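Overview (structure and organization)
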Amino acid sequence: MAKGILGDASLHFDELNKLRILDPEVAQQTVELKEECKAFVDKIAEFQKIVGSLIELVDQLAKAAENEKMKAIGARNLLKSIAKQREAQQQQLQALITEKKMQLERYRVEYETLCKIEADQNEFIDQFIFQK
């Protein structure tokens, strides 16, 4: 009868016969829930630590990828400028070849003219010698 009156007043005895406000089953469930919450919080903290290290790793990889991308862009631009320089140099060399060909043609024509003049002069000398 004492347990019934105490139960109506929400007072209970635990296994050590101590007076408690909570029902022993509810107190046990509360303790278990507290332990589960602590385990859950610990797992969340570990998860956050893992995610933090993963984010840091991804950031490092992103920076490395960005550096490699910049290097590739620089190399591509360098190759383009080298190609343009070679093209300009090729055009200069073509112009020089054309100029040298024209100079060669002028020298050839001048040589032929000088050979003709020499032949004319030799012929004149030969005629002059034979006339004497």
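Owing to the predicted nature of the structure, the values given are computational and were not obtained by experimental measurement. (Residues numbered from 1 in each chain as written. Predicted model: local features only at pLDDT ≥ 70, side-chain atom pairs only at ≥ 80, totals over all residues. Heavy atoms only, no water.)

Let us now look at the overall build of the protein. Helices and strands together make up the secondary structure of the protein, namely two helices and two strands. Ordered by position in the sequence, the α and β elements of the protein form the string α-β-β-α. When each of the 132 residues of the protein is scored for burial, the buried share is 1%. Carbon and sulfur atoms form 61% of the exposed surface of the protein, whose accessible area is close to 12500 Å². (Helix = DSSP H or I, 4+ residues; strand = E, 2+ residues; numbered from the N terminus. Buried < 20%, exposed > 50% of the residue type's maximum accessible area, 1.4 Å probe, protein only. Areas by Shrake-Rupley, 256 points an atom, 1.4 Å probe, with all protein chains shown as cover.)

Take the pattern of salt bridges next. Going through the model one piece at a time under the given rule, you end up with four salt bridges. The residue lysine 38 makes a salt bridge to aspartate 42 at a minimum N-O spacing of 3.3 Å. Of the two residues, lysine 38 and aspartate 42 are both situated in helix H2 (residues 24–131); the distance of four residues between them amounts to about one turn of the helix. The salt bridge involving lysine 71 is made with glutamate 68; its shortest N-O contact spans 3.7 Å. (Salt bridge = Lys/Arg side-chain N within 4 Å of Asp/Glu carboxyl O.)

Our next topic: the packing of aromatic side chains. In total, this model carries one aromatic pair according to the counting rule given. Taking the centre distance of 6.4 Å and the plane angle of 20° together, the rings of phenylalanine 124 and phenylalanine 128 count as stacked. Within this pair, phenylalanine 124 and its partner phenylalanine 128 are both found in helix H2, separated by four residues, close to a single helical turn. By relative accessible area, phenylalanine 124 is classed as exposed at 55%. (Phe/Tyr/Trp six-rings, centres within 6.5 Å; stacked < 30°, edge-to-face > 60°.)

Our next topic: a nonpolar patch on the surface. A cluster of nonpolar side chains, Leu54, Leu57, Val58 and Leu61, forms an exposed patch at the surface whose accessible area comes to about 370 Å². Tracing the backbone through its elements, the reader meets leucine 54 in helix H2. (Patch = residues over 30% accessible without salt bridge, like charges linked within 9 Å, V, L, I, M, F, W, Y side chains within 5 Å.)

Of all residues in the protein, 81% have pLDDT values of 70 or greater, and the mean over the chain is 88. When mean pLDDT is taken per element in the protein, H2 scores highest with 95 and helix H1 (residues 2–8) scores lowest with 51. (pLDDT = per-residue confidence, 0-100.)

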